[in-house]
Amino acid sequence: MEKTIDESKQGQKLVVTNKKENTKKLYIESYGCAMNFADSEIVASILTNQGYNTTTVLEEADLVLVNTCSIRDKAEQTIRKRLEKYNAVKRKNTKMKVGVLGCMAERLKTQFLEQEKIVDLVVGPDAYKDIPNLLKEVEDGRDAINVILSKEETYGDIAPIRLNSNGVSAFVSITRGCDNMCTFCVVPFTRGRERSREPQSILSEIKDLWDNGFKEVTLLGQNVDSYLWYGGGLKKDFEKASNLAKATAIDFEQLLEMVATNFPKIRIRFSTSNPQDMHVSLLNTIAKHNNICKHIHLPIQSGSNRILKEMNRLHTREAYLELIDKIYSIIPECSVTQDMIAGFPTETENDHLDTLSLMKAVKYSFGYMYAYSERPGTLAERKLTDDVLEETKLRRLQEIVDLQRNHSAYRTNEFIGKTVEVLIDKISKKSEKQWSGRNSQNLTVVFPKENYTIGEFVLVKINSCTSGTLIGEAIGYSEMNRN
């Protein structure tokens, strides 16, 4: 069960149906969170309008872009190796330009562009619309950089190009940035403060997906539960808004209701949530609609109140467990997943045991688990000493992973003998004779192909399982299929 998001989707190359009139070639890779992959779709849209077609052949590219992640040191090291490869190719293809996008772009802008001279342009997460101007700067022999963070930009006016799409599932970004200031996290510094996207543009994007045959959307944000549209601007400035703006504001619960009601045949997911922003009214909305998936990714990071305080997490262990009880009470079939950090500065063995005991109380379906790595520029890096021995971090991480593996097996076994609704999205990795898809709880389900096809909702009876996969047989179509 141990994995990081950048490892599960590491170096995904993005492909798009190309325009015949476009002549320049774009090669783009994305690392990190789902927001980065959604951002790459925005970048591809912008560059398609500038005459670029995408290519999977690095050597023929006119422009190479890597959308980067700074959340773990391992991700940064992987991206550096990719930049070395790009530059080796560039020495043979002198017309090629190399650019860095995303979180590493903001954090290492001067180092990449001026000191190491390994890129031609550096573009932060809020400056993608400026890429055409930056490319002109490169052509004129000048440094090209824009990492200015925005108070308004949400890219709500850009129609993303669905890259490397299976035609079934798509990301829809609804917020950007984060206000939480967790001490281990670089996001507030690389992506800026939190602002929400105008709801009608969200509905319009989903309508376009529906019209093009998509069956599932994932509403994305660093903190989707705190979505708040009051006419534009940073969420922190909401209290300064007019009485009319406050009275007509739309929060995440209302947005989710709008999406579920307007698109009853589209399955809806959302990520990521934060415990302090999830309320009973939202849980009731999830329970109310069959097309809202019964899965909540609810990062905790540690089971110790002392460590949670050091992390500047805005919840306690007790409040988190109380929320878990409400989730299971209101949505009994809900799966809950976690993020966990082992070896945060000052973590003691008792703190670690608190984490294990919390996991035993919740029994998560699966999780993303990491050993702490100090990130430059974070509050933890500035104020705390990374004082837990690496061998201790790794031992604690392994104990967390082992426990999670047991809990994952416990949760998948609960489905044996039950019938679940599955959206088919690909061929099974282990057998070309089987389909693979996900159920409402975000678990992978495999079953014999028979006469079903990708993009269909199928009812599958579960006969067996592993700790991460349900195995069954299809017994018919779901009512979620389009009429």
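Our subject in this report is the structure included herewith. Residues take numbers from 1 onward in each chain, read along the sequence in its written order. With the structure being a predicted model, the display of local features is reserved for residues of pLDDT at least 70 and the display and counting of side-chain atom pairs for 80 or more, all residues being used for whole-chain, interface and lining totals. Only hydrogens and water are set aside when side-chain values are computed; all heavy atoms of the structure are taken into account.

1. Concerning helix 16 (residues 390-413)
Alright, step 1. Only DSSP runs of H or I reaching four residues or more are called helices, and only runs of E reaching two or more are called strands; each is numbered from the N terminus. An expected span of 1.5 Å times one less than the residue number is assigned to each helix. Given a rise of 1.5 Å per residue, 24 residues ought to cover 34 Å, and the 35 Å separating the end C-alpha atoms of helix 16 matches this to within 8%.
Alright, step 2. Among the residues making up helix 16, those that are buried are Thr 392, Lys 393, Arg 396, Leu 397, Ile 400, Val 401, Leu 403, Gln 404, His 407, Ser 408, Arg 411 and Thr 412.
Alright, step 3. Whether two residues are in contact is decided by their heavy atoms: any pair within 4.5 Å suffices. Of the surrounding elements, those touching the buried residues of helix 16 are helix 13 (317-330), strand 16 (335-342), helix 14 (349-362), strand 17 (367-371), strand 21 (457-465) and strand 22 (469-477). Accessible area is worked out with a 1.4 Å probe on protein chains only. A residue is then buried under 20% of its type maximum, exposed over 50%, and partly exposed in between.

2. A few points about the nonpolar core
Alright, step 1. To define a nonpolar core, start from buried Ala, Val, Leu, Ile, Met, Phe, Trp, Tyr and Cys residues and group those joined through side-chain atoms within 4.5 Å. Within the largest apolar cluster, 53 residues are counted, with the highest numbers of intra-cluster contacts made by Leu 219, Phe 252, Phe 270 and Ile 327.
Alright, step 2. Leu 219 has contacts with Val 172, Ile 174, Ile 206, Val 224, Phe 252, Leu 256, Ile 268, Arg 269, Phe 270 and Ser 271, leaving out every residue within four places of it along the chain.
Alright, step 3. Ranked by size, the runner-up nonpolar core spans 22 residues in total, among them Leu 58, Leu 83, Tyr 86 and Val 119.

3. Let's talk about the sheet that holds strand 16
By way of backbone hydrogen bonds, the strands of a sheet pair with one another, either parallel or antiparallel.
Alright, step 1. Here a strand pair is declared whenever DSSP counts at least two bridges between the two strands. Strand order in this open sheet of three strands is 15-16-17, and the pairing throughout is parallel. In this open sheet, the two strands that pair with only one neighbour each are strand 15 (295-297) and strand 17. Ignoring strand direction, the axes of neighbouring strands in this sheet form an average angle of 10°.
Alright, step 2. In this sheet, strand 17 lies alongside strand 16 in parallel orientation, the contact comprising five bridges. By the bridge assignment, Ile 341 is partnered in strand 17 with Tyr 370. For helices, the fitted axis covers only the stretch in contact; all axes are lines through C-alpha atoms, and the angles between them, taken along N-to-C directions, range from 0 to 180 degrees.

4. Describing helix 10 (residues 252-262)
Alright, step 1. Three or more residues of helix 10 are buried, namely Phe 252, Leu 255, Leu 256, Val 259 and Ala 260. Viewed end-on, helix 10 has its buried residues packed into an arc of 130°, placing them on one side of the element.
Alright, step 2. A distance of 3.3 Å separates the backbone nitrogen of Glu 253 from a side-chain oxygen at the start of helix 10, and that oxygen is part of Asp 251. This arc corresponds to the set of directions leading from the helix axis out to the C-beta atoms. Polar contacts, as counted here, are pairs of nitrogen or oxygen atoms within 3.5 Å of one another; within protein the pair requires one atom able to donate a hydrogen and one able to accept it, and residues that are adjacent in sequence qualify only if both atoms are side-chain atoms.

5. Looking at the packing of helix 13 against helix 14
Alright, step 1. Following both chains from N to C, one finds helix 13 and helix 14 inclined at 15°, their axes separated by 11 Å at the closest point. Of the possible angle classes, the one that applies to helix 13 and helix 14 is roughly parallel. Relative to helix 14, the crossing made by helix 13 is right-handed. Note on element contacts: helix 14 touches helix 13 through Asp 354, Ser 357, Leu 358, Ala 361 and Val 362, opposite Arg 317, Tyr 320, Leu 321, Ile 324 and Tyr 328.
Alright, step 2. Three residue categories are used. Nonpolar comprises Ala, Val, Leu, Ile, Met, Phe, Trp, Tyr, Cys and Pro, charged comprises Asp, Glu, Lys and Arg, and polar comprises the others, including Gly. Of the residues that constitute the contact of helix 13 with helix 14, the class distribution is seven nonpolar, one polar and two charged. For classification purposes, angles smaller than 35 degrees are called roughly parallel, those larger than 145 roughly antiparallel, those between 65 and 115 roughly perpendicular, and all remaining angles oblique. Rotating anticlockwise by less than a right angle from the far helix to the near helix defines a left-handed crossing, while the corresponding clockwise rotation defines a right-handed one.

6. Describing the pattern of salt bridges
Alright, step 1. The working definition used for a salt bridge is a side-chain nitrogen of Lys or Arg within 4 Å of a carboxyl oxygen of Asp or Glu. The tally for this structure, following the rule as stated, stands at 35 salt bridges.
Alright, step 2. With its nearest N and O atoms 2.9 Å apart, the salt bridge here joins Arg 396 to Glu 347. Taken together, the positions of Arg 396 in helix 16 and Glu 347 in the loop between strand 16 and helix 14 put the pair 49 residues apart, joining distant regions of the chain.
Alright, step 3. For Arg 396, a relative accessible area of 5% gives the class buried.
Alright, step 4. Ionic pairing is found between Arg 395 and Glu 399, a salt bridge with its closest N-O pair at 3.4 Å. Highlighted residues: Arg 395 and Glu 399, both in helix 16, separated by four residues, approximately one helical turn.
Alright, step 5. With a relative accessible area of 31%, Glu 399 lands in the partly exposed category.
Alright, step 6. Taken together, the shared-partner salt bridges in this structure form one network comprising Asp 39, Asp 126, Arg 176, Arg 191 and Arg 195.

7. What to know about the pairing of strand 11 (residues 216-220)
Alright, step 1. Counted residue by residue, strand 11 has five buried out of five residues, so it is predominantly covered.
Alright, step 2. Of the pairings in the sheet, the one linking strand 8 (residues 169-173) to strand 11 comprises five bridges and is parallel in character. Its bridge partner lying in strand 11, Phe 171 is registered against Thr 218.
Alright, step 3. Looking at chain direction, strand 11 and strand 14 (residues 267-271) are connected through five bridges and run parallel. Among the inter-strand pairings, Thr 218 is bridged to a residue of strand 14, identified as Arg 269.

8. Focus: the environment of Ile 330
Alright, step 1. Tracing the backbone shows Ile 330 in helix 13.
Alright, step 2. Remark: the alpha-carbon pair of Ile 330 and Thr 285, spanning 45 residues in sequence, is separated by 10.0 Å.
Alright, step 3. Ignoring sequence-local partners within four residues, the contact set of Ile 330 consists of Val 280, Leu 283, Asn 284 and Ala 287.

9. So, the packing of aromatic side chains
Alright, step 1. Pairing of aromatic side chains here covers Phe, Tyr and the six-membered ring of Trp, requires ring centres within 6.5 Å, and sorts the geometry by plane angle: under 30 degrees stacked, over 60 edge-to-face, intermediate tilted. Applying the stated criterion to the full structure yields six aromatic pairs.
Alright, step 2. Seen from their ring centres, Tyr 230 and Phe 238 are 5.2 Å apart, and the 70° between their planes marks the pair as edge-to-face.
Alright, step 3. On the basis of relative accessibility, which here comes to 13%, the residue Tyr 230 falls in the buried class.
Alright, step 4. With a centroid separation of 5.3 Å and an interplanar angle of 70°, the aromatic rings of Phe 252 and Phe 270 are classed as edge-to-face. Placement of Phe 252 in helix 10 and of Phe 270 in strand 14 is noted, with a sequence separation of 18 residues between them. The same class applies to Phe 252 as to Phe 270, namely buried.
Alright, step 5. Of the aromatic side chains, those joined through ring pairs into one cluster are Phe 184, Phe 344 and Tyr 372.
Alright, step 6. Charges are assigned to positions over rings by a cutoff of 6 Å between ring centre and Lys NZ or Arg CZ, combined with an angular limit of 35 degrees from the ring normal. Its guanidinium or amino end placed over the ring of Tyr 410, Lys 363 lies 5.8 Å from that ring's centre, counting from NZ or CZ.
Alright, step 7. The cationic tip of Lys 449 hangs over the ring face of Trp 435; the distance from NZ or CZ to the ring centre is 4.8 Å.

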